[in-house]
Every structure is written in C-alpha cells, then in structure tokens.
Amino acid sequence: MKNLKLVIREDLCVPLETVKYLSCDVDNETVYFTSNDKLCGYNLKTLNCTWSYTLPRSEPFPEFENVTGLEAFQGEDRVCVSLDNGGVVSVDVETSTPELEVLLLDCSLQSMCWSHDQEIVLLATEHGKVIALTRTFDVIDEVDLHAEGFGAQKFLNVGWGKKETQFQGKSGKLVKGKGQEQAAVPVIDTSIDVKIVWRGDGQYFACSFLKGGQRLFRVWNRDLELQYTSEVLPGIGSCFAWKPSGSFIATTQRRENVHSLILFEMNGLKHSEFALPCGANELIVKKLQWNCDSTILMMMYENINCEDCGGIKSGIMLWTSSNYHWSLKQKLEFKSLVATVQWDSEVSGNLHVSLEGGLYRLFTWETCLAPSGSAAAKNDSSYLAVVEGSSVKLTPFAHVGIPPPMCCYKIHLQHQVRNVLFCQAPDHSNHMAVLTNNHKISLFSHDPSSFTSSDVTLEKEICIKNVISLMECYKQLELADKPQLQANKLRHLVWPVPNIMLGVVSTSDSRHDFLVRFDIARPEGNAGTVLNMEIIGDCREFALTKTEVDGRIVSLCCSSAVSQEACVVMLLLHTGCVMEYSLANHTLSPRCDEHSNPIELTSSFTNTQILSLPTRSKLFALSTHGELRCDNEVVSEECTSFAISKEFVLVTTSSHKLLSIPRQWFAESSSGGNRQSSMASKSSERALERGSTIVIHPAQLTKVVLQLPRGNLEFIHPRSLVVSKIMRLLDASRYGEAFVEMRTHRINLNLVHDHSPTKFLSEVATFVEQVLVIKDDYLNMFLADLRAEDFTRSMYKKFYEERNVLDESAKFELQEAEGKANKVDTICDALIAHLNLLPTEKILFPLVTAHVAKSSSEIKEALIVVQKVGNASNKNEDLVSKALRYLTILVDSNTLFRQSLGTYDLRLALMVAQASNDDPKEYMPFLNELNEVDENTRRYRIDMHLKLFAKALAHLARCPDKFQQCADLIKTKELYREALTIFGHDPHKCRMVCMFYSEYLCKNNRYKEAGLLLQRSCFNEMAMDCFDHSTQCWRETLNVAHRLNYEKPVFERLAKKLAVKLTEENKFLEAAEVYQFHLSSPAEAVNNLVNGSHWDRAVSLIYGHNLLDMIESCLKPTLVDRGSGLSDNLLSSQQNLKRYKHRLMIVRENKLKAAEDVLLYGSGAGDFDSSDIASDFGTVTTASSRSRYSTMSSQATTSRRRRKLEKKRFSLKPGSRFEEEGLLNVLHELYRSTEKVSENISALLSNLTLHGLDGEGKELQKSAKSTIDEFKSSVSVIWPISPPEGEGETGFGQHPLMKMCSSAETLEDVRVFLPPKLNFAKFEMHLHSL
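1. Considerations on the packing of aromatic side chains
Aromatic ring pairs are described here by two measures, namely the spacing of the ring centres and the angle between the planes. This model, assessed by the stated rule, comprises 35 aromatic pairs. Between F363 and W365, the aromatic rings sit 6.0 Å apart at their centres with planes inclined by 15°, giving stacked as the arrangement. The class of F363 is buried, set by a relative accessible area of 3%. A residue is classified by how much of its surface remains accessible, and W365, at 7% relative accessible area, is buried. Each residue in the set F274, W290, W319 and W326 is aromatic and connected to the rest through ring pairs, giving one cluster. Between the NZ or CZ atom of R78 and the centre of the ring of F73, over which it lies, the distance is 4.3 Å. Positioned above the aromatic ring of W665, the side-chain terminus of R675 is 3.8 Å from the ring centre.

Encoded structure:
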C-alpha cells in the first residue's frame, strides 16, 4: 500500500571519466569512487572532494588493465582495490600509502566480494575458483565452482514419485502432444564473470557462474562447505542478489516473449516469479540488489535499442513486495549509461548512482502512503493511491474495503508514475494529481469534464455499483518546456488549495533548494517583486514561481484549509530547522512553538503532518527511529505510525497498541508538569496485531484501516472513535443513528440516557420516533439493557473526564440526587407516558417491556395493557397471544399466571396459562371453580390464593353476613390496621375490631396502645385493666378513673398506689406530681424531689407551700450527703484513671521492646509474630490482635463460644494478648461515666451556695476540677491521635480508620483506639475558686 517518495537528491560531478565502482564509508560519511587507475573520495555532507589517488603501476605493483572491485573499510580511512592481474591493493586514505596484500601469479581476478562484517573476502578467479581470505588477507581455503555434487543438504527421495508425475502448476505438467522443449532464445547477456553475493548475516554466500553454457548458482556456508546447487533453468541472467533477511535469491530469466524476475529459495528451488514491464529483448539487466532492510529491490538495466526508448540508454527500477505481490514503485531513466549503482549499507533509503562522464547522484527514498482527505473533510471518499509502474490503483476506503493487491479501479498512464497526491482543501479532498516521468502533472476529480487525453485510460477492477463514480482527468500541466524548473528534480509535491500546488527542486550544486509554486489560476499582481522569488515560467493554464531556501528540504506539509490565507505550510530542513511558508505573501519565516521557542528537529523526521487547533497549528513529526513529536514536545518514543482524526490523534506503537489521544490534550499548555501521565489518563488504548500500522482513517467514520507486516489489511473501530461519534450524534438528537452505531459496535445502550439525562428525558418523543422507524424491537432492546448505574462514571468514564473531577461536595449532591430517583424507573415512566399517547397496537411490546423493566416490575400493569388491547377488538386476539408469549420470556410463567389472576380477568388468566405451556390439569379446575361464584367471592378467593390478605379482607367485607369469617381472617392474618380502615364506616363492627386489636396488643405487652383503643371504643373498664399493667400509663389510669367517676377515697387509694410504684421505680419527679396534684400532699412531693436530686423544683415547692422547716430537716442534710458522695466518686475515678494509664504505658513499652527484639534477633516475647511493627495508635499489635479476634469470632459456631470470645476481647488480665484493648475499653467507659457525673455538679454547687454550705461547695468544686483536669490531660497520652476537627458526635464515624471497618465487631474493636469526644459540663463558681 506504500509508495516510494524522494526525500533528497544530491548531484555531484566526479573528476573521473568512467566510474567503475563505488563504496561508502558510512562511519566517516565518505563515498569512494574508482576508475581503471584512479581513486577519489567525497564527503557526503559537504559534497567536497577530500581525497584523490592514482594507483601505482611500478614495482612491486605489477601492471594491470582494469579494477575489478572496491571496498571501503568502515571507520578506518582505508580502501581495498582488486585488480584484474590477480592483485589486491589496500590504500591508507590519510597517508595515501598503498600496500600489495595479495598477488595471484597464475590467473586474473574477475570479482571481489566482502562479507557484511568485513571479516572475510572472496576472490573469484578466471579458472572457476573462489578463494576465501581473512581481513588480514590470510588464505582460509578455496572452492571449485565446477566440483561435482549437489551439496551437504542434498534432498532425500522418500518415494513420492517422479517430478514429472507431480503437480507443477498450469504450465508445468506435460500434456500429450505438447512439445517439451521451449523455443530457443538468443543470448543477449554475454557476461561470463563469476558473481558473488553474501546473505545479510554473513553465514552463507552464493556464486553465480556458467556451466555447460547455462547459468546456475551454488550456496556455501561460512566454512566453505557446499550446501546447495540450484536447478538449471534456461535463459538465466548473470546478475543475482540475495535478500539480506535470507529468504530469497533473485535473478532474471529470459524466455520467449517474456523477461521475468525469478526468486529462488536458498536450497536452489524456484519459488516464484513476476514479469518485467518490458519485452523479452528490450533490455539487459546489469545489476540486482536489495537495500539493507530487505524492503526494496533495485534493478539496473540498459536498453538494447535506446532510439525506441526516446534516447533513454539505461535506468533503474525500484520494486517492493506486499502480500506476495510485486509493484514497480519508481523508475529512474537516464540518457547516459549507469556506470554503477549501490545501496547504502546503513541507511536503507540511500541509493548511490554513478553515471558515465563522472556524474554522481545520491537519492534518498522513503516509503509513504498517499491517502486523500483530512480531518476537516466532509464528503471525502478516503482514497488510497498505490503506484504500480505507470498505473495508479485507487480504493475508496470510506465506501469499500478491498485488500491489496486488488483495488477498486486503476488509472493507466503512458509513463512511469513518480508521485501521486491529493488536494488538502476540505471541499476538494477527492481531487488527485499524478506526476509522471514525462514531466506532466495530470489532475483528476469526480466532476464531469470535457477535457480528453490519450495518455490516460481508466480500468475497473472491483467496482461496487452505486457507490462511487470513476475519476476523470480534467487538466494536464506540462513541465517539460520549463528548463529553469528542472522538472526531473521535482519532489515533495503538496496541494494545499485547489489553485495552488507546491514542490521542491534542488540547485545545480545541490547545496540549496527552491520552493516551487504552481499557480494553476494566474495570481494577481507581480509575484516577482517578493524577496528571494523569481518567476520562472508562465502559460495560459498556470504560473510557476520559486523561492530560494537556505538549506535542503527533507519534508513539506500543509494544513487543510478552505483558503490560502488560512492554510499553514511548513518545511523541515536537513538542519532540523522548521520554516513556515505564507501562501498569501510568498514569505518564509522560522516556525516557533507556543512558548516562542524555535522548533528544532533532525533530518530523520521526514513524516510530517499539521494538527489544526482552534488557537494555533502544531507540527507532528515522526522520525525513522520511532520518535513522535508535536512541535518540540515528545509524544511517544515507540511510534510506528500516526493519523490525525477529527477529535483524536491515533498512534500505533512498537508495543502493539493503538493510542487515541484527544486533540484537546495538545491544545493544553505543554509547560505543565506530568504531561505523559496526563496523556495516559486522558487517552485510551487497544491492543493490535504485531507490526500493525495505520493506512488510512476516513474522516467522518470510526473505521481505521491497518496493514500488517505481510501486507494484508485489518479494519478496526477503536472504542474512542465510536464513543466520540455516538456523543456527537446524541448531542445532535440523532438517536436513531446513534442507536445503530451502538448496536453495531456493542456499546452499552445506557449511554443514550447517561450522556445527557435531562436532554434525553425532554426528547423522549424524538427518541421513540427515530428508533421505531428503524426497527420495532430496538425499543425492547434498549429497555432490557437498562441498568441503575451511570455508565459515564463506570464503563465509559475515560470519555467523560469532566464528570469525574467533581469536588467532594458536588459528588455528595450528585449521589443524593441519584438516590432520590431510580434511573431505570425514571426512563420507564417517561417512555410509558409517551407510549400511552400512541396507538397501543403499534407499541404494545415496548409498553409491556417498559412496565416489566422497572426496578419493581409492574407485571400486573403490563397485563392490564394487554387486557385493554384484547378488550378493544376481537381482531387483536393474535396480537394479545403474541404479547403474552413475549411476557413469558420476560417473566417467570408461574409469577405471570399469579399476576394475571390479580387482574381478576379469568379469560386473560386462561390465555396466560395457555401461553406458558403448562398442563391444563393444573389450572383448569381452579379457574372453573372461580367462574362459578359471584364477583366478590371470586376476588376474595383469588386474593387468598395470591396471599393478598388485605385485599381479600376488603372483598370479603363486601359480602353480606360474612363478618364472622372476616373476624377469623383478621385474627389469623393479623389484619387489624387494615380492618380498622375497611370497617371504619360501621361503628359496631369498628368497636369489635378494636377489641380484637387490643387483645392482640396485650399479648405483645403493648398495654398502653391496647388501653387507648379500648378507651376510644368506650370499653373503659377494660382500658383501666390495660393501663394498670404499666406505671408509664399513670396519667391515662387517672384519666380513666375520672371518666368512670370514681369516688374520692377510691381515687385516692388508686393515686397512692401509683405514687408508691413510681417511687419504687425511682421515678421521683412523676411521683412528686401525683402527690402534689392528685393527693394534695406537698411535703411528700418535696421528699421525692429531694431524693431525685431535683433541687430547684424542691426549693420552689418549699417556698410555694411555706414548708420552710423542711429546709433544715430534709434539704440541707441531703445536699451535704450528695456533695460528699459526689466528691468521693470523682476522686475514685481519678485514682482509677491513673492506675489504668500507668498499666497501659507498661504494656506498650513491653510490646515495643518485643518489636525491637524481632527486628534485631528474629524472635521476641509476647504475641508479636505477625503484627504490624508500629501502628498509628502507638502500639504494635493492634492490627494483629483485631485480626485474630475477627478470625476467631467468624469461626465460632455456638453462642457459648461467642460469649467466651467476647469476654476475652477486652480482658484486663496482666500479660493477656488483648490487655491493651481491655485497658482502652475500660478507660473509654471511665470517661463516659465521669462525663455523665459532671452534669450534676453545677446544680448541686448552686444549691449548696444558696443554703450557706460554702465549705462543702468548695470541697466539691476542688475535687471536680482536679479530676476533670486530670482526665483532659491524659487524653493525648492514652490516645496519641487527635479526633477530627469540627465534627460533632458523629465525627469519629468519618475517621479514615473507621471507614476501613466493614463489620460491627471490627468497628467496636477500632473505636477503643480512638479518643473520646470530651464534653464535660461547666460547673465552676467564682465564689468557690481557690
């Protein structure tokens, strides 16, 4: 699929009349030439002669006539020359000192061939001998080319028959009556020299020679052991070449009317062949050679009759192979003979050519694709043009996918195609230009044209009907009549806008280049007034101008734009400098990046494209070493190919991945840190087959065409491109197209809603309309695929980065909003609301699916929809039957039958049962029985069958004289609440239900509720019995007593009884209320308030009822007693705190010491074998002990075992494994109890002060302050982490450690290691301060 592009051409005149051989010293960048007696060397960078030397002919150097070989030693400034007299001379370039290395006295040398590592040299003599020497010219051995035998790898006959009886192709097998001998072909190639070639790894070499008048070759290994002998074929040429990769040996064969190139396998058997584009007697092939990476086969030839070829004497063909098909990519034609030609040994694209008369040319070739279109093209057919000799193969990959070597159609021209290109303007992307060897540019397009040309013919190969029309040639530009243009040097053609074409030609000294501009429409004004620009040609069709460039241009590219003002043209010079050319004013200027730094590349970045961004354009450049850059920024160091799409930059890597990098990433500033990690987070990747590279990407499609190393194509649709296209379609409300894309590429259909939920819900009608037009079932597929999750935050979150960078508050609000409404239910409700507006017969199946797809499936509603359709017309029976069968697929048949019964439509239930293929014996008796009873009874039985007891009760209540049955049902199924609603209109039945309900509540010890129901139903005596069971109902009891009009003595006895019970249960405040308000006994009320520590209420009651004597007799003694007890309690808590804290410090110290022992000696005391070394809580066994307990707890199978482990968990036993946890737990409890005690201090201090008990008040405040200060200061020692700031009581629930716990047991284990929230009540009084 690739063509050959000329990157640089360099011309040089060597002061030698006839150059016979040339050789390159790549390390020193020098090329050496030799004639019959002279040597010279030229620097490839400066193109200056650096060395010249004449071979000596005096003693000790013998006379010679011709040079038979030349080799430059890499990096040594030394060359080796072989002479026809049998001598081999090495010359030191620096000193020009010759040295005779070898002299064969008995014969002359025909050729010299060095191995690729220059360790072995082979010399072929005229006597059919090949002599092998080392690098120091020590003889290894010699071989006889004419020796008998096939070789060490001779084939074995395994009895498969004779060769004549085996299949040998359509022309191989002999047919009766067909002549066996081929017609004799005149011998044109009369060379008798021995030709030698090495395999690329230097392990084998082959020699081609004449034997018995026919040519053959033999293969030897590095140890000069004969391995193979080729089969003898007539007409074999003298030249041959061995592919460096080792797979084939190439030579030519001349047969009657056919001149072919033949490929042999290493074993000497013919593998394949292809015909050369010439007659059998038109040319002589003088040399064959593969380049160093085995991708291009060079063929040098001479024309037999140059007059018939327009004066062309010789030429060079460059062939490439892909998918087992050979294509002629370039054909260099010369009017003089080619003296010698050779590929560079290091740079695979460098071809050194020497012509007679001392002309030397260096061609640098590069493989490239010729695709049409750009990211901005809308109607681009995505053509790929492939050069094959004088033809151009075209395939529009936007419409068809035809693998090479086939194509959609061909364009035949009369001369070899040099270059093919497409216009980069978005509206003219299908316009093509072809440059041929006769210096014509032919322009093609799909537009009808009256222009005709005999040079161009079109041929259909695989043309798809009604897909695309053939191109037509609408103009040809003649360049041959522009001598100043030097059209034979034209390269790097680009077509930025329809009326302007750009190219590059080199100066005569090859030191500078000119940028040539073809104005197909004559430009206005005088372009020659522009600096460094001159008009070099003009005609009716176009004008030519050129601009001098200070350097050699190695790459030229342009952006896709509608006008020349918006078009950006960039040039890469051999120095690495990037220049920008303005089409509007014909000026050149250095190109800078976004930071105003000049873009600096190297000459290896020959593959360039321009990325157009909203703010500026950026240059993408790919080097031959796999480095991809965007301006000065390195994008990838393992890139093999890239393409720029509408929203992504696609990159293939040597690790066999396809990267899709968003365009917006390149729009961001490249000065930020972590650019590579940012790119990795925003780009997506997918695996590729090994060696895959991008061929073309149609602009408006998701398809990417890849080519594998063998040549076959692969079509993929990267997920990034697919999702991007779907997003564009959804934004444009083109739901039908988006749905088809998602179905085709298996994108989850939830994305239709999740992409923009609000927009989708507002455009449900549009969605339904577009999807139903495509296929009715698509709505069912969409509903069946719905899930509650948001796929833009899960499966496709890579493409919705902006939704995944919300702050915590926004995420909380989003989760809260999502939690309020179920996504599936919302979509189903919206669809149901719209589908109900349409004719039900047309959307029955989607409507049924919408009901069933809800989170709580509305099966009954779906059946009701089907029922309505069936009731609407008898013609819908078939549709109803299909709908019911469809429902049996969505829902279990038993569930569906039960739900159909819930519609109370026996006909529908029968149809559902029949659709489920159940045995009629299972459902017919039941349905027949239901059909025989009245409506309410039928519904009651159906509800009882479905266990819908509340509905059954409602239907049974409508039946007369069935209350007893209703009462039994209420009691059996506990339908008391429902019964109150059902019988609420009937006072008598409602009272009976209340009585049933109260009995049920009493059995469950809910006496208050039972009493309230009985009281409401006027069963006061029964209500009194219920209230009497609980002291909590003392108010209700007294209220009922008033309602029953109890006599005063009876009422007082009841109240006295309640007050005593309240006192016994320490409910002093309630008891005081009974004494005060119901028994008129304020003294008893004061006693209860004092006992309950309700000091303020007691004082108010004393003064309110003038009971001042109780201050001394009751209040003060109790205050003193409570103050003393509280002080003792606080001091005791303080002592316990100190004791537990001291023990905790000892335990932690022991464990830290044990940890150090484990680290130092590998063992230690205690339980430190697998614990964390140092936890965040200042202990070393926290995680270990918790994990052990959790494991043991999970293994406990009995309640006794669990209780035993519960006791061990917080054990205070000294030396216990869980002692630290036990100490922390008891300290937590101590803090909580002390905090609760502190709540009573303030009120007690106030009343001590009020009644003049200052001494007791000071003592209490002193004890309390000392204790609480001690507790506060000890927190940081016991718990060496701080609680979350600004949190309430739930703050510890947000602690990171608490979030790690998943079970309640683990949560309790961790909680003891967190400090308590201190909330001691304020109590200090200035009066009692020290």
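Having seen it, we continue.
2. Brief notes about helix α21 (residues 987–1003)
With 17 residues, α21 should cover 24 Å at 1.5 Å per step; its first-to-last C-alpha distance of 25 Å lies within 8% of that length. Considered for burial, the residues of α21 that qualify are C990, V993, C994, M995, F996, Y997, S998 and L1001. Summarising the contacts, the buried residues of α21 are in contact with α19 (963–973), α20 (976–982), α22 (1007–1016) and α23 (1020–1027). The positive-phi residue at the C-terminal boundary of α21 is N1005, with phi of around 60°.

3. Things to note about the pattern of salt bridges
Evaluated as defined, the whole model comprises 51 salt bridges. When the shortest N-O distance is used, the salt bridge between R517 and D519 registers 3.0 Å. Accessibility assignment for this pair places R517 and D519 in one class, buried. The closest approach of N and O atoms between E668 and K682, which form a salt bridge, is 2.4 Å. Here K682 lies in helix α2 (residues 675–682) and E668 lies in the loop between α1 (663–667) and α2, a separation of 14 residues in the sequence. The exposure class of E668 is partly exposed, given its relative accessible area of 26%. The partly exposed category is assigned to K682, whose relative accessible area is 24%. Each of E10, R491, D513 and R552 takes part in one network of salt bridges that share partners.

4. Overview of the sheet that holds strand β31 (residues 409–412)
Pairing within the open sheet is antiparallel, and its four strands lie in the order β29-β30-β31-β35. Each edge of the open sheet carries a strand with a single partner, namely β29 (383–388) and β35 (457–460). The mean angle between the axes of side-by-side strands here comes to 25°, regardless of whether they run parallel or antiparallel. As paired elements, β31 and β35 share four bridges and run antiparallel to each other. Along β35, the bridge assignment pairs Y409 with K460.

5. Considerations on a nonpolar patch on the surface
Taken together, V740, V773 and I774 make up a surface patch of nonpolar side chains, about 240 Å² in accessible area. Within the secondary structure, V740 sits in helix α4 (residues 735–744). Judged by its relative accessible area of 31%, V740 falls in the partly exposed class.

6. Some points on the sheet that holds strand β6 (residues 67–73)
Paired through their backbone hydrogen bonds, the strands of a sheet run either parallel or antiparallel. One open sheet accounts for four strands, arranged β6-β7-β8-β9; its pairing is antiparallel. Of all the strands in the sheet, the pair left with one neighbour each is β6 and β9 (97–103). Geometrically, the sheet is characterised by an average inter-axis angle of 20° between neighbouring strands, direction not taken into account. Across six bridges, the pairing between β6 and strand β7 (residues 78–83) is antiparallel. Residue pairing across strands places A72 opposite V79, the latter belonging to β7.

7. Digging into the packing of helix α27 (residues 1082–1091) against helix α28 (residues 1095–1104)
Direction vectors running N to C along α27 and α28 enclose 160°, while the axes themselves pass 8 Å from each other. One way to sum up the angle between α27 and α28 is to call them roughly antiparallel. Of the two elements, α27 crosses α28, and the hand of that crossing is left-handed. Where α27 approaches α28, its residues P1082, A1085, V1086, L1089 and V1090 are matched on the opposing element by W1095, R1097, A1098, L1101 and I1102.

8. With respect to the side chain of S115
Secondary-structure assignment places S115 in the loop between β10 (109–114) and β11 (120–125). A polar contact is formed between the side chain of S115 and the backbone nitrogen of E119, at a distance of 3.3 Å. Non-local contacts of S115, meaning those with residues more than four positions away in its chain, are made with I120 and W198.

9. A closer look at the nonpolar core
Grouped together as the largest cluster of nonpolar side chains are 87 residues, with contacts concentrated most on L953, Y1231 and I1278. A total of 11 residues in this core trace back to one element, the largest contributor, which is helix α29 (residues 1109–1161). When neighbours within four sequence positions are excluded, I1278 is seen to be in contact with L1137, K1141, L1144, R1148, L1224, L1227 and Y1231. If you look at the next biggest cluster of nonpolar residues, it comprises 70 residues, including Y735, L879, L887 and M911.

Criteria and thresholds
Residues numbered from 1 in each chain as written. Predicted model: local features only at pLDDT ≥ 70, side-chain atom pairs only at ≥ 80, totals over all residues. Heavy atoms only, no water. Phe/Tyr/Trp six-rings, centres within 6.5 Å; stacked < 30°, edge-to-face > 60°. Buried < 20%, exposed > 50% of the residue type's maximum accessible area, 1.4 Å probe, protein only. Lys NZ or Arg CZ within 6 Å of the ring centre and 35° of its normal. Helix = DSSP H or I, 4+ residues; strand = E, 2+ residues; numbered from the N terminus. Expected span 1.5 Å × (residues − 1). Contact = heavy atoms within 4.5 Å. Salt bridge = Lys/Arg side-chain N within 4 Å of Asp/Glu carboxyl O. Pairing = 2+ DSSP bridges. Axes fitted to C-alpha atoms, helices over the stretch in contact; angles between N-to-C directions. Patch = residues over 30% accessible without salt bridge, like charges linked within 9 Å, V, L, I, M, F, W, Y side chains within 5 Å. Areas by Shrake-Rupley, 256 points an atom, 1.4 Å probe, with all protein chains shown as cover. Parallel < 35°, antiparallel > 145°, perpendicular 65-115°, else oblique. Left-handed = near helix turned anticlockwise from the far one by under 90°. Polar contact = N/O pair within 3.5 Å; in protein donor to acceptor, adjacent residues only side chain to side chain. Core = buried A, V, L, I, M, F, W, Y, C linked by side-chain atoms within 4.5 Å.

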